[in-house]
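Summary of the model geometry
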Amino acid sequence: MPKITPFLWFDTEAEDAAKFYTSVFPGSRILGTTYYQDTGPKPAGTVMTVDFELDGQRYVALNGGPEFSFTEAVSFQIDCADQDEVDHYWNALTEGGEESQCGWLKDRFGLSWQVVPRRLFELLSDTDPEVARRVTEAMLQMRRIEIASLEDAARG
């Protein structure tokens, strides 16, 4: 079975992004870097791609130029065990970026992330539809997901 590798197009920030992401996620590393040659389209010696790994998942970042940019149509969801993890990733990824709603954010490179505690999905899957409704209403009011507030909403 072939492996699928997310390929991320940056203007000129591929190396900075790879270094940033590998500093945020434990167990991550840069695997290799390639450089443009005399044939272009960027000057020889300029970083072309950075191959990196976040928690065992391989990614490639490309310095492809300004023609394309990220949109919310593609995002990466971070499955967080607890509020400490939510806070860690939220704080790191929003630095220089922008907060959105319901656990969504854009980092300083414009890439969208969803920072989501596992407890949210557990509460949304509750067999009591009123619990799921109250939790959904609470979540819709949040930027960063706050587990304690979700629990309060679940209890009514």
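Owing to the predicted nature of the structure, the values given are computational and were not obtained by experimental measurement.

So, about the state of the cysteines. Inspection of every chain in the model, using the stated rule, returns 0 disulfides. Summary of cysteine pairing: C80 is not part of a disulfide, and the nearest cysteine sulfur, belonging to C102, is at 15 Å. A relative accessible area of 0% places C80 in the buried class. Owing to a relative accessible area of 19%, C102 belongs among the buried residues under this scheme.

Time to look at the side chain of T94. With respect to the helices and strands, the residue T94 is situated in helix α2 (residues 83-94). Among the polar contacts made by the side chain of T94, one reaches the main-chain carbonyl oxygen of W90 at a distance of 2.7 Å. Once you skip the residues sitting within four places of it in the chain, T94 turns out to touch E99 and L105.

Okay, the environment of R155 next. The topology assignment puts R155 in helix α5 (residues 147-155). Take R155: its relative accessible area is 58%, and that puts it in the exposed class. The spacing of R155 and V135 is 20 residues in sequence and 9.2 Å in space, taken between C-alpha atoms. A polar atom in the side chain of R155 sits 2.5 Å from the side chain of D152.

Each value, and the rule that gives it
Residues numbered from 1 in each chain as written. Predicted model: local features only at pLDDT ≥ 70, side-chain atom pairs only at ≥ 80, totals over all residues. Heavy atoms only, no water. Disulfide = S-S within 2.5 Å. Buried < 20%, exposed > 50% of the residue type's maximum accessible area, 1.4 Å probe, protein only. Helix = DSSP H or I, 4+ residues; strand = E, 2+ residues; numbered from the N terminus. Polar contact = N/O pair within 3.5 Å; in protein donor to acceptor, adjacent residues only side chain to side chain. Contact = heavy atoms within 4.5 Å.

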